[in-house]
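# Summary of the model geometry
Below, each chain spelled out in residue letters.
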Amino acid sequence: MVETKQYGGWISMTEQEKMLAGRLYSASDPFLTQQRLRARGLVREICQTPVDAGALRERLFRTLLGAAGKNLMIEPPFRCDYGSNIFIGDNFYANFDCIILDVCPVTIGDNVLLGPRVCLFTASHPVDPSGRSSGLEFGKPISIGNDVWIGGGALINPGVTIGNASIIGAGAVVTRDIPDHVIAAGNPCRVVRPVTGEDRAKWEAMAAQYQSGEV
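First, a word on scope: everything that follows refers to the structure included in this document. Predicted model, so just to flag it, every value in this text is computed and none were measured.

## Quick look at the side chain of aspartate 29
- With respect to the secondary-structure elements, aspartate 29 resides in the loop between β3 (25–26) and α2 (30–47).
- A distance of 3.2 Å separates a polar side-chain atom of aspartate 29 from the backbone nitrogen of leucine 32.

## Regarding the sheet that holds strand β13 (residues 123–124)
- Overall, antiparallel pairing links the 3 strands, which are arranged β3-β14-β13 in an open sheet. Among the strands making up the open sheet, the edge pair consists of β3 and β13.
- By the bridge criterion, 2 bridges tie β13 to strand β14 (residues 136–139) in an arrangement that is antiparallel. When the sheet's bridge partners are listed, serine 124 is paired in β14 with phenylalanine 138.

## Some thoughts on the packing of aromatic side chains
- Evaluation of the coordinates by the stated rule reveals 1 aromatic pair.
- For the ring pair phenylalanine 61 and phenylalanine 78, a centre distance of 5.4 Å and an interplane angle of 75° mean the geometry is edge-to-face. With phenylalanine 61 in helix α3 (residues 54–64) and phenylalanine 78 in strand β6 (residues 78–80), this pair connects stretches of sequence that are 17 residues apart.
- Owing to a relative accessible area of 2%, phenylalanine 61 belongs among the buried residues under this scheme.

## Things to note about the pattern of salt bridges
- A complete count under the given rule lists 5 salt bridges for this structure.
- Across the pair arginine 200 and glutamate 204 runs a salt bridge, and its minimum N-O distance is 3.5 Å. Here glutamate 204 and arginine 200 lie together in helix α5 (residues 197–212), a separation of 4 residues that amounts to about one turn.
- On the accessibility criterion, arginine 200 (57% relative accessible area) is exposed.

## Remarks on the environment of proline 76
- Following the sequence through the fold, proline 76 ends up in the loop between β5 (72–74) and β6.
- Through-space distance from the C-alpha of proline 76 to that of arginine 132 is 32 Å; in sequence the pair is 56 residues apart.

Calculation rules
Residues numbered from 1 in each chain as written. Predicted model: local features only at pLDDT ≥ 70, side-chain atom pairs only at ≥ 80, totals over all residues. Heavy atoms only, no water. Helix = DSSP H or I, 4+ residues; strand = E, 2+ residues; numbered from the N terminus. Polar contact = N/O pair within 3.5 Å; in protein donor to acceptor, adjacent residues only side chain to side chain. Pairing = 2+ DSSP bridges. Phe/Tyr/Trp six-rings, centres within 6.5 Å; stacked < 30°, edge-to-face > 60°. Buried < 20%, exposed > 50% of the residue type's maximum accessible area, 1.4 Å probe, protein only. Salt bridge = Lys/Arg side-chain N within 4 Å of Asp/Glu carboxyl O.

Okay, structure coming up:
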């Protein structure tokens, strides 16, 4: 729970509140340290579960995460900072080695697929070296829309929003927002082309062929 301390006529933000608000904060704060240790303990349990213990892993993930919809599937190993700042919709799949640094909220829509070794980084540090050496940090939230596919090894940077039904190519480094219904790739990631009605027609025809047994 986020708590705010009040002194007389003014309110002091906790380090957790500063962190979630994208302000400078101290990661060495005792409460934040405790929350990271909690997450690491749960992640360790998840990564050590037997391969056939899918139900147990799902229960542990639902304890770790801030929220998750139906049909949650995350392949271990998995890493995160807090877990409680990750909010996932229905029908989510993340392949091996996913890393989410969730010092700010990470919001993921429905029907999202993450390839292996996808990284979502909300965490950042001051540009000036004296600011970095002070130990203060900050973050920016990440938002991923519905029906998004992110290819293996892609890296999503702080503050990025990825629009609905878009595809991020493998190995992309996403430094700016990506609109709806596009394919984007590269370093830095740029829009390659839109996802069109022709794409839909092609894949619907192939799916129908598969269902009919013609393949």
